[in-house]
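Results of the structural survey
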Amino acid sequence: MNTPTASFQPDRPKRLIMQGITKQYPGCLANDSIDIDIGVGEIHALLGENGAGKSTLMKIIYGLVKPDAGEITWEGDKIRIKDPAHARKLGIGMVFQHFSLFETLTVTENIALALGDEAKDMKVLAEKIRTVSARYGMALNPDRYVHSLSVGERQRVEIVRCLVQDIRLLILDEPTSVLTPQEVDTLFVTLRRLAEEGCSILFISHKLNEVKALCHRATVLRAGHVSGACLPTEEDASSMARMMVGDETPISMAYDKVQGQDIFLQIRGLSRISEDPFGVDLKNINLDVHAGEIVGIAGVAGNGQEELLAALSGEDIIKNHDAIHFPCGPVGNLSPEKRRGKGLAFVPEERLGRGAVPDMSLKDNALLTGFLTGLIKNGMIDHESTDSFAKKIIKKFKVKTPNSGTHAKSLSGGNLQKFIIGREIMQNPRLLIAAHPTWGVDIGAATAIHQALIELRDNGAAILIVSEDIDELFQISDRLCALCDGALSPIKPAPSTTVEEVGRWMAGIFDTDVCDDELFDKKSVSAQATATAVQTH
Amino acid sequence: MFLKLVPRAEHSRKMAYLSPLLAGVLTLVTGGIFFYLQGHDPLFALKTMLYTPISDTYGLAELCVKTAPILLCAIGLAIVFKAQVWNIGAEGQLLMGGLTASALAVNIIEVEAAWALPVVMLAGIAGGALWALLAAWLKTHFNANEILTTIMFNYIALNLLIFSVHGPLKDPDGYNFPESALFGDASLLPILVEDTRVHAGILFALLAVVIIWVLLARSFIGFQIKVLGLDASAARLAGFKDKKLVWIAMLISGGLAGLAGAGEVAGPLGQLVPQISPGYGYAAIIVAFLGRLHPVGILFASLLMALIYMGGEMAQIELNMPLAITGLFQGMLLFYLLACDVLIGYKIKFPWSGVKTVTSRVEQQ
C-alpha cells in the first residue's frame, strides 16, 4: 500500500547501540543477549510475535526496565538509562500501544502534563502543537478534549507529545493496530518526514507488509533472542515470517469462500444508548448471518464493538427484544445462559478475566460455559464428565498444558485461546460469535484457530467475527462489513471488496458505491488474496 | 544489604498452607516475649493459656461450647468471602439470631412439645438471614458497600438487643435485671455429655461444615459463587446471575450466624442476656481466613480461636492479665497471617544469594 522508502545508507552514524542485552523475568528469559543498533535518520523495524521480547527491549530503551546484563551506547557514550524522565531528557520518546491520556482534559493540557515544568505558557504550547502537527501532516486541534478524539487522533496526541520536545529517537509500539488503512498511510508520511530530518525511529510491529513499506532495516526477535536481521526491501513477506516463527510452524493459508444457507442471526434496527459517558451508541444496526458462512466486522476498537458484542451475548439486555432474532424467535431479552441454550457460543475479547477465570483449572473453565451440555446433574457437578470434556478440548485443539488441572493463567495466550475457542466449538454451536479470535496469538495457534473456524462453518454453523485485523478478516470471512461510531457499513462478499473500501468504511465513509467500479479490479483483489495468504496474524 | 521481596513466577501452594502455621508460630513467639516482658515465665504463661484450659474433660467440653458459634459464623463467611462479598456483619447477624430466637422462645415457655426447639432454631436462622439480606439488598440495589453497611448493622443489632432485654423481652419476674425469662425446657438444646455444658450446637456446626464443603466443592451454585468471586466479568459472560448469587451467599452466611446466636441463647445461656457474644462474629473473620476459606481449615482454626478465648479467661484468673489478652492474641494472629500471606506471591531474596541466582538461571537457559 506504500512505496518503499528511500534506500538505506549503511554509513550513517549510529544513534543507539545495544549489545548483549539480557533480561530475566521469573520463569522466562525475556531478552537473551540481544544486539541491535539504530542509525541517525533510520527507520528500524523490530519484528517478532507476541512474547518474543519486543516490549521488554523497548522498555529497557525507555528506562522502564533495567537489563540484567548488556551495554547501551547513546550517540557514542556508554550510558545507563535510569528512568523514563532520563530517557526523555536524552531525546527518546515513546508511543505506547495503550495510550496514557486523560479523557477529560484537552490536548494541550495532556501534553503540558507530560512536559512538566517545560510546558511554560499554555498559549505558546498550544501554538507550538498547532505548528508541529501541521508540519508533520497530522491535523490536531489543541483545544479539543481527548474524549472527543478518535483513536487515530489520540495516537497523534501521543506522537506530538514526543515531537514538541527535542526528539532523537521515537519508539512506536504497534502503532498501526488501532488505525484504518488510510490512517496508516498518513502516519507513514509523517514518520518518513521525521526520519528525513534525522530523527531515528524504532518501529515495533508484526505486520510484515508495513515493515516492508516503511523501514530501512529490520531486526527479528524470536523467543527472546535475535533470530535474524535483514533489509525489508530485499526480503519478501514469507521469508521474514519464517524468521519470526521458525521453520516448524505452518504459515497460514487461503480458504475457500462460500455462500451461506438460511439466516440464523437476524439483527434489525438495533439501537442502544450507551450507559457509559464515553461509550458508543449503537445506531440502527441491520445484519444477517446465515448458517454456514463467516461474516466479518472490521473496525477500529472503540467504535461500538464492545456494545454490539454485549448486546449479542446477552450481557446487555436491549429494550427492543425484536431487534435480535434467532430462528426460534426474538432473543433480545434473554440472558446469556438462555441464548446459549438456543445455540449461541461466544468468544470474548479478553480471554483471561472474561473468557476464562485465571485462578481456576482448565477443567473448571470448561464448565464455565459448558454447563449446559449435561455436566450438571440435579444441581451437582459431574466431575468425571467435566474432566473428560476438558480433556477432549485439550486433545482436539492441541492445547499445550501439563494436564486439565492447570490454572488458566499459566497457559500462554495462544494456548488459552485455543482452549476457549475449542470449548465453544465442542458445544456444537449453531451461532458462534468471536471477538478478535487471534489477537496476540502466535502464528501456529492462529492458523489452528482459523482452521477450526472454517471447519465449524463447513459443518453449517453461522459465525460472526469482530476483529481489528483487516488481513485476518479478508482471509477467513465470506462477507465483510465495518463498524464506525456505532453504525454498520454496507456488507459485501469478501472477494468483491478491497482493503481500501473496508478502510473507508472503518473511517465512516459508507457511501462508496460511486467509486466502487473504479476500485473493483480483479487483479488487485487476487493480489490481495495472495498477500493475505502469507499474512502473519 | 537488606532482604528483598521478589515476585514468584507462580503463587506457591505450599506457602498458602504453611502461612497459617507460620503465623501461629510467630504469634506464640511474640506472645511469649510479651509474657516475659510482663514478668511471667513465657513457657508457663503459654501453657496456662493454651494447654491448661483443655487439660481435662470439662475443658474439652467447654472448647466445643465455644467452638460451635465461631465455627457456624466462620463457615458461613467462607461462602460470602468466596464470592468476594465482604460480610463483616456475622456479629450482628448472630445477635439478631439470638434476639429473634429469644423473642419466640419466651412466648412458648409453657410449650412442652418437640416442635418448640426446631421452631426456635428456625427463628434464629431467619433473624440472622434477614439481617444479612438487608445488607445484600442495599448492595444489589444501591451499590452500597457491604463492608460499611454490615459493620453499621452490627451496632444496630447490638442496640436492638440491649433495648429488647431492657424493654419488651425483659423478664417481668426478673427483679428488673436486663435479662429475659428462662426458656422452657423444650426450647433448650439437649446436652450431649452429662455434667458438662456441651450442647447440640456443635453438631449443627459440624453438619454445616459438611454441607458447605459439598456446596463449594460439588454443587453448581458453589461453582458459580466461586467464579463470581474470582472473576465477575467471566460470571456475567457465562450468564450467572450475580445479584442472585450475592443474595444466596448472604442468606447462607447470615442464616448460619443467626443459628449460632440461637444456639447460644438456647444452649449455654438458656435466656437472652445483653452479652451473648464476646465478639464471636468478628473472630470468625480471622478464623475464615486462617482456615484458607476451606471447611476443614476453618474447623481447625475455629478450635484454635475457641482455645484463645478460653486461654484469655485462664490468663485473667491465673496470671492476673486483663481480658484484652484475648484480643491481643487474635490481633497478632491476623497480623502475622496477613504478613505471611505475602510469601504466597513473593519470596525473600537474601542479599548474599541474590546475584548468584540470576546468573545461574541465565546460564541454565
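Now for a description of the structure that goes with this document.

Conventions we followed
One numbering rule holds for all chains: residues counted from 1, following each sequence as written. Naming scheme: in the order in which they are written, chains are lettered from A and ligands are numbered from 1. Only residues with pLDDT of at least 70 are given local features in this predicted model, and only at 80 or more are side-chain atom pairs given and counted; all residues enter the totals for whole chains, interfaces and linings. Where side-chain values are given, they derive from all heavy atoms of the structure, hydrogens and water being excluded. Elements are defined by DSSP. Helices are runs of H or I of four residues or more, strands are runs of E of two residues or more, and each kind is numbered from the N terminus. Throughout, the radius of gyration refers to the C-alpha atoms, and the reference size of a globule is 2.2 Å times the residue count to the power 0.38. Contact criterion: two residues are considered in contact whenever any of their non-hydrogen atoms come within 4.5 Å of each other. Only the protein chains shown count as cover for residues, with accessible areas throughout obtained via the Shrake-Rupley method and a probe of 1.4 Å. Counting rule applied: Lys, Arg positive; Asp, Glu negative; His and chain ends not counted. Throughout, a charge is located at the NZ atom of Lys, the CZ atom of Arg, the CG atom of Asp or the CD atom of Glu. Should DSSP find at least two bridges between two strands, the strands are taken to pair. In this description, a line fitted to the C-alpha atoms serves as the axis of each element, helices being fitted only across the stretch in contact, and the angle between N-to-C directions of two axes falls anywhere from 0 to 180 degrees. Like-charged residues are merged into a patch within 9 Å and nonpolar side chains (Val, Leu, Ile, Met, Phe, Trp, Tyr) within 5 Å, provided each residue has over 30% relative accessible area and no salt bridge. The working definition used for a salt bridge is a side-chain nitrogen of Lys or Arg within 4 Å of a carboxyl oxygen of Asp or Glu. Throughout, exposure labels follow a simple rule: accessible area from a 1.4 Å probe, protein chains only, divided by the maximum for the residue type, with under 20% read as buried, over 50% as exposed, and the rest as partly exposed. Definition of a polar contact: a pair of N or O atoms within 3.5 Å, with one able to donate and the other able to accept a hydrogen when the atoms are protein atoms, and with sequence-neighbouring residues admitted only if both atoms are side-chain atoms.

**Concerning the overall build of chain A**
The helix and strand tally for chain A stands at 18 helices and 23 strands. Against the 2.2 N^0.38 benchmark of 24 Å for 537 residues, chain A shows a C-alpha radius of gyration of 24 Å, consistent with a compact globule. For chain A, the spread of C-alpha atoms along the principal axes amounts to about 70 × 55 × 50 Å. Within chain A, residue pairs in contact and separated by at least 24 positions form 67% of the contacts whose partners lie at least 6 positions apart. A total of about 22,000 Å² of accessible surface is found on chain A, and carbon and sulfur atoms cover 51% of it. Separation between the mean location of the 58 positive side-chain charges and that of the 71 negative ones in chain A comes to 3 Å.

**Side note on the sheet that holds strand β8 (residues 200–205) of chain A**
All names here are of chain A. Strand order across the open sheet formed by 6 strands is β6-β7-β8-β3-β9-β10, with mixed pairing between neighbours. In the strand order of this sheet, the two ends are held by β6 (92–95) and β10 (225–230), each with one partner. Each strand of the sheet is rotated relative to its neighbour by a mean of 20°, with strand direction disregarded. Direction of pairing for strand β3 (residues 43–47) relative to β8: parallel, over a ladder of 5 bridges. From the neighbouring strand, H44 faces β8, where its bridge partner is L202.

**Re a nonpolar patch on the surface**
Residue and element names in this part refer to chain B. A surface patch of nonpolar side chains, amounting to about 510 Å² of accessible area, comprises L3, L5, V342, Y346, I348 and F350. The topology assignment puts L5 in strand β1 (residues 4–7). We classify L5 as partly exposed; its relative accessible area is 46%.

**Focus on the pattern of salt bridges**
Residues and elements named next belong to chain A. Under the counting rule described, the total for this entry stands at 36 salt bridges over all chains. Between D37 and K14 there is a salt bridge; the shortest N-O distance is 3.0 Å. With D37 in strand β2 (residues 28–39) and K14 in strand β1 (residues 14–25), this pair connects stretches of sequence that are 23 residues apart. Across the pair D68 and K23 runs a salt bridge, and its minimum N-O distance is 3.8 Å. Within this pair, whereas D68 is found in the loop between α1 (54–61) and β4 (69–74), its partner K23 is found in strand β1, the two being separated by 45 residues in sequence. A relative accessible area of 35% places D68 in the partly exposed class. Each of K14, D37, E42 and R217 takes part in one network of salt bridges that share partners.

**A closer look at the side chain of R161 of chain A**
All names here are of chain A. When you line up the elements, R161 lands in helix α5 (residues 151–163). Here S100 takes part through its side chain, which lies 3.4 Å from a polar atom of the side chain of R161. The residues touching R161, leaving out its near neighbours within four places in the chain, are S100, L101, N110, I111 and A114.

**Thoughts on unusual backbone geometry**
Of note in this structure, S33 of chain A is not a glycine but carries a positive phi near 35°. Within the secondary structure, S33 of chain A sits in strand β2. With a phi angle near 65°, N176 of chain B is a residue other than glycine that sits in the positive phi range. Along the chain, the position of N176 of chain B falls in the loop between α6 (146–166) and α7 (201–218).

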